[in-house]
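# Notes for the structure review
For reference, the chains in residue letters:
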Amino acid sequence: MFKDLFKKRKLEEPEEELVPTPTPALLAILLNKEREKGSPLTESEVLEIRDNAVCMMLPISARDKMEESRGYPDLNPEYAWEQWQEARIELNQNS
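We now turn to the structure provided with this report. Just so it is clear, the structure is predicted and the values come from calculations on it, not from any experiment.

Basis of the calculations
Residues numbered from 1 in each chain as written. Predicted model: local features only at pLDDT ≥ 70, side-chain atom pairs only at ≥ 80, totals over all residues. Heavy atoms only, no water. Helix = DSSP H or I, 4+ residues; strand = E, 2+ residues; numbered from the N terminus. Buried < 20%, exposed > 50% of the residue type's maximum accessible area, 1.4 Å probe, protein only. Contact = heavy atoms within 4.5 Å. Areas by Shrake-Rupley, 256 points an atom, 1.4 Å probe, with all protein chains shown as cover. Core = buried A, V, L, I, M, F, W, Y, C linked by side-chain atoms within 4.5 Å. Salt bridge = Lys/Arg side-chain N within 4 Å of Asp/Glu carboxyl O. Axes fitted to C-alpha atoms, helices over the stretch in contact; angles between N-to-C directions. Parallel < 35°, antiparallel > 145°, perpendicular 65-115°, else oblique. Left-handed = near helix turned anticlockwise from the far one by under 90°.

## Let's talk about the overall build of the protein chain
- Per the secondary structure count, the protein chain includes four helices and two strands.
- Its helices and strands taken in sequence order, the protein chain reads β-α-α-β-α-α from the N to the C terminus.
- Looking at the protein chain residue by residue over its 95 residues, the buried ones come to 24%.
- Restricting to contacts in the protein chain with at least 6 residues of sequence separation, those with at least 24 account for 77%.
- Summed over all atoms, the accessible surface of the protein chain reaches about 7,600 Å², with 54% contributed by carbon and sulfur.

Here it is as structure tokens:
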């Protein structure tokens with residue numbers, strides 16, 4: 001019954017850091033909200049959308065694989081406003 005309790009455990013590799021990962025991508029959410037609104041989002045709107053986005057905690061490598069399969073990197077939630085300003089200009093130039 002208790003034989004596994006005191007069993008020597010193998011040294012495990014250090015766990016990879018988990019990062020909050022919005023799903024769907026924060027970039028896609030903001031782009032859709034701005035198109036829906038018909039005008040640029042304000043900083044408070046961007047931060048509110050970020051704060052209410054559904055997120056999963058993923059290891060960095062899993063987040064990177066997700067971004068690679070999606071074909072574009074997402075915004076870093078900590079810098080959502082600043083990165084959104086750059087991304088929206090680029091997105092508008094390409095459309």
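What follows continues from the structure just given.
## Some details on the nonpolar core
- Leu26, Leu30, Leu41, Val46, Ile49, Leu75 and Trp84 are the most contacted members of the largest nonpolar core, which has 13 residues in total.
- Looking at this core, the element that brings in the most residues is helix α1 (residues 26-37), giving five residues.
- Excluding anything up to four places from it in sequence, leucine 30 contacts Leu41, Val46, Ile49, Leu75 and Trp84.

## Considerations on the pattern of salt bridges
- As enumerated under the stated definition, the model contains four salt bridges in all.
- Lysine 37 is the partner of glutamate 45 in a salt bridge, and the nearest nitrogen-oxygen pair spans 2.7 Å.
- Judged by its relative accessible area of 37%, lysine 37 falls in the partly exposed class.
- Between arginine 63 and aspartate 64 there is a salt bridge, with its nearest N and O atoms 3.0 Å apart.
- A relative accessible area of 35% places aspartate 64 in the partly exposed class.

## Description of the packing of α1 against helix α4 (residues 80-94)
- It is at 11 Å that the axes of α1 and α4 come closest, and there the two elements cross at 65°. The angle between the axes of α1 and α4 places the two elements in the roughly perpendicular class. Here α1 runs over α4; the crossing is right-handed. For the pair formed by α1 and α4, the contact residues are Leu26, Leu27, Leu30, Leu31 and Glu34 on the first element and Ala80, Trp84, Ala87, Arg88, Leu91 and Asn92 on the second.

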